[in-house]
Amino acid sequence: MKPTYESPLASRYASNYMLRLFSPDTRYETWRKLWVSLAKAQHALGLPVTEAQVEELAANISPVNYDVVAAKEKEIRHDVMAHIYGFGQMAPGAKGIIHLGATSCYVTDNADLIIYRDALRHLRKALAGVMQNLCDFADHFASMPCLGYTHYQPAQLVTVGKRATLWLQDLMLDLEELDDVIAAIRFLGCRGTTGTEASFMELFGGDESKIDAMNRMIAADFGFDRLYDVCGQTYPRKLDSRILNVLSSVAQSCYRFANDMRLLQHDRQVEEPFEDKQVGSSAMAYKRNPMRCERICSLARYVMADAMNAPMTASTQWLERTLDDSANRRISIPEAFLAVDGILRIMQNVTKGMHVNEKIVARFVDEYLPFIATENLLMLAVKRGGDRQQVHEIIREASMQATAQMKNGEKMNLIAMLAAEPAFGLTEEEIRTELQPERYTGRCPQQVASFTKKVRSLIGNTDLKVEELNV
């Protein structure tokens with residue numbers, strides 16, 4: 001048993017990839033890579049940094065000597081300076097040029113940008129995997145009629161596949177937004193304490209072209225082709241708002257899907273996966289609860305609430321820099337990434353294994369189809385010479401009587417009631433020829449085919465393999 005608190009996001013929900021990405025090793029090794037890149041650029045541009053010093057730094061990126069760093073931070077109360085000291089201990093020949101001209105945000109903020117970009121790219125693959133599953137599901141059930149609902153009350157027919165495209169469209173909008181956010185990420189570069197690059201004006205003797213070249217070189221080392229045009233000490237915290245907003249948007253869409261699935265499972269129409277040995281309840285052995293979809297909803301609520309942290313931080317950045325963002329960002333942003341990672345992992349599991357109980361779906365259709373068909377029957381009766389207002393009243397009265405029988409648990413036969421009215425003008429056999437569910441689903445099959453084709457072209461090929469769920 002572990003004696004200290006451990007985040008459930010780490011122990012139960014997030015993938016190993018995301019846990020490694022937000023690990024201390026990745027963060028602090030990225031800091032060291034940034035120091036190497038800075039030294040390399042400075043050497044290339046003629047500052048007093050030797051190739052041997054650059055190579056020594058590059059050779060000592062890993063492992064991080066955490067014990068040395070922790071002891072130093074306890075003494076000086078500054079994490080970046082403690083890591084500079086620790087890095088210098090491992091590369092003594094280069095310790096004098098580490099962090100030359102830089103401020104702490106050079107490593108902290110640029111590392112965040114690198115990690116967030118890579119995390120968003122990973123989530124894009126996971127989201128694309130969910131969308132691929134839903135495309136397959138929608139195509140398979142594109143023509144299968146099912147009862148539609150408005151206000152969660154029986155409405156006109158749709159198809160099982162068409163309903164899936166509603167979930168899919170939400171996710172497609174998220175994917176488009178996610179791509180926009182990824183494309184918007186710029187590199188901070190090495191801009192000095194207030195973003196003026198004054199320290200580098202001194203180091204490079206006022207040669208601005210070398211400052212620009214240095215920043216482009218460092219950015220290129222980490223796969224960025226753009227830098228923020230201006231900044232204070234940090235990159236604009238508006239980016240954090242955009243990141244948490246798109247994570248919240250994904251969570252909202254997943255919540256909608258999972259909540260719909262919980263409703264459908266209650267009616268036994270569509271169910272989430274359930275393994276042979278799975279236990280639904282510790283007391284009620286017969287239970288088959290939608291626990292995966294419930295977990296999606298639970299994590300999604302957390303992300304939606306967590307997303308408020310970034311706008312509150314972005315709106316209170318005093319002038320060139322304040323530090324009241326630091327502790328909040330260390331928690332709110334990584335935890336949001338881990339939670340959405342967990343949500344999408346469960347989503348992939350559910351969307352891959354959804355089970356449609358086709359006979360139950362058909363039973364719901366059969367039960368309500370006579371009511372749904374009454375508008376067509378009205379038109380047909382009028383064509384046969386019936387009085388439109390009189391036929392409408394016959395349908396209304398019979399429908400109310402049939403509904404009352406249903407609510408009383410009695411068997412109803414709306415078709416027989418209508419056929420028994422001479423003024424209706426249609427026999428029971430004629431009425432039943434109108435009760436073909438496919439006639440009441442409109443363009444559902446065509447809409448599904450057109451939309452899934454569009455989605456497949458948008459998501460491209462995804463090679464993400466989902467790790468086994470922890471729970």
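Anything mentioned here points back to the structure above.
Residues numbered from 1 in each chain as written. Predicted model: local features only at pLDDT ≥ 70, side-chain atom pairs only at ≥ 80, totals over all residues. Heavy atoms only, no water.

Student: Please clarify how the side chain of threonine 441 should be interpreted in this entry.
Tutor: Note that threonine 441 resides in the loop between α19 (428-432) and α20 (444-459). Not counting residues up to four positions away in its chain, the partners in contact with threonine 441 are Pro145, Leu157, Val158 and Thr159. (Helix = DSSP H or I, 4+ residues; strand = E, 2+ residues; numbered from the N terminus. Contact = heavy atoms within 4.5 Å.)

Student: Whenever I open this one, the nonpolar core confuses me. Can you help?
Tutor: Most often, soluble globular proteins have nonpolar side chains that are buried together. Within the largest apolar cluster, 118 residues are counted, with the highest numbers of intra-cluster contacts made by Leu120, Leu247 and Phe337. Ranked by the residues each element gives to this core, the list is headed by helix α7 (residues 104-140), at 19 residues. Setting aside chain neighbours within four positions, we find leucine 120 in contact with Leu178, Val181, Ile182, Ile185, Ile243, Val246, Leu247 and Phe337. (Core = buried A, V, L, I, M, F, W, Y, C linked by side-chain atoms within 4.5 Å. Buried < 20%, exposed > 50% of the residue type's maximum accessible area, 1.4 Å probe, protein only.)

Student: Any chance you could explain unusual backbone geometry here in plain terms?
Tutor: What is expected of a backbone is that most residues other than glycine have negative phi and most peptide bonds are trans. A cis amide bond links serine 62 to the next residue, proline 63, at an omega of 0 degrees. Secondary-structure assignment places proline 63 in the loop between α4 (51-58) and α5 (66-76). Backbone geometry places arginine 77, a non-glycine residue, at a positive phi of 60 degrees. With respect to the helices, strands and loops of the structure, arginine 77 is situated in the loop between α5 and α6 (79-90). Residue classification places arginine 77 among the exposed positions, given a relative accessible area of 71%.

Student: Please explain empty space enclosed by the protein as it appears in this structure.
Tutor: With a probe scaled to a water molecule rolled over the atoms, the places where space remains empty come into view. As enumerated under the stated definition, the model contains three cavities of 30 Å³ or more in all. Each pocket or cavity is described by its volume, and for the largest cavity that value is around 50 Å³. Taken together, Phe137, Cys146, Val160, Arg163, Trp167, Leu264, Gln269, Val270 and Val361 make up the full set of residues lining the largest cavity. At three residues, the largest contribution of residues to the lining of the largest cavity is made by helix α8 (residues 160-184). Here the residues of the lining of the largest cavity sort into seven nonpolar, one polar and one charged. (1 Å grid on protein atoms, 1.4 Å probe; cavity = no way out; pocket = protein on both sides within 12 Å on 5 of 7 lines; lining within 4 Å. Points joined across faces, edges and corners; volume = space filled by probe spheres on them. Nonpolar A, V, L, I, M, F, W, Y, C, P; charged D, E, K, R; others polar.)

Student: Got a minute to help me understand the pattern of salt bridges in this structure?
Tutor: When charged atoms on two side chains of opposite charge get close, those side chains can pair. This model, assessed by the stated rule, comprises 20 salt bridges. Here arginine 191 ties to glutamate 197 by a salt bridge, and the two come within 3.0 Å at their closest N and O atoms. Residue classification places arginine 191 among the buried positions, given a relative accessible area of 10%. It is possible to trace a salt-bridge network through shared partners that takes in Arg27, Asp112, Asp240 and Arg329. (Salt bridge = Lys/Arg side-chain N within 4 Å of Asp/Glu carboxyl O.)

Student: Is there a simple way to think about the environment of glutamate 51 in this case?
Tutor: In this fold, glutamate 51 is placed in helix α4. Look at glutamate 51 and you get partly exposed, because its relative accessible area is 48%. Measuring from C-alpha to C-alpha, the distance between glutamate 51 and alanine 39 comes to 8.9 Å, with 12 residues separating the pair along the chain.

Student: Please explain the layout of surface pockets as it appears in this structure.
Tutor: Each pocket or cavity is described by its volume, and for the largest pocket that value is around 820 Å³. Only α2 (16-21), α3 (24-44), α6, α7 and α14 (326-352) provide two or more residues apiece to the lining of the largest pocket. Class assignment of the residues belonging to the lining of the largest pocket gives a composition of 13 nonpolar, seven polar and 12 charged.

Student: Quick question: what am I supposed to make of the pairing of strand β1 (residues 145-150) here?
Tutor: Each regular strand shows side chains that alternate between the opposite faces of the sheet. Direction of pairing for β1 relative to strand β2 (residues 153-159): antiparallel, over a ladder of six bridges. The partner of tyrosine 149 across the bridge, within β2, is proline 154. (Pairing = 2+ DSSP bridges.)

Student: For this particular structure, what's the right way to read the packing of α8 against helix α11 (residues 238-266)?
Tutor: Two packed helices can be described by the angle between their axes and the distance between those axes. Between α8 and α11, whose axes approach to 9 Å, the crossing angle comes to 170 degrees. Relative to α11, α8 is oriented roughly antiparallel. When grouped by side-chain class, the residues that make up the contact of α8 with α11 number 13 nonpolar, three polar and eight charged. (Axes fitted to C-alpha atoms, helices over the stretch in contact; angles between N-to-C directions. Parallel < 35°, antiparallel > 145°, perpendicular 65-115°, else oblique.)

Student: Please explain α3 as it appears in this structure.
Tutor: Each full turn of the α-helix corresponds to 3.6 residues, which orients residues three or four apart in the same direction. Under the 1.5 Å per step criterion, the end-to-end length of α3 is 30 Å for 21 residues, consistent within 8% with the ideal 30 Å. Where α3 ends, the next residue or the one after it, glycine 46, has phi of about 95 degrees, a positive value. (Expected span 1.5 Å × (residues − 1).)

Remember that the coordinates give geometry; whether it matters functionally is a separate question.
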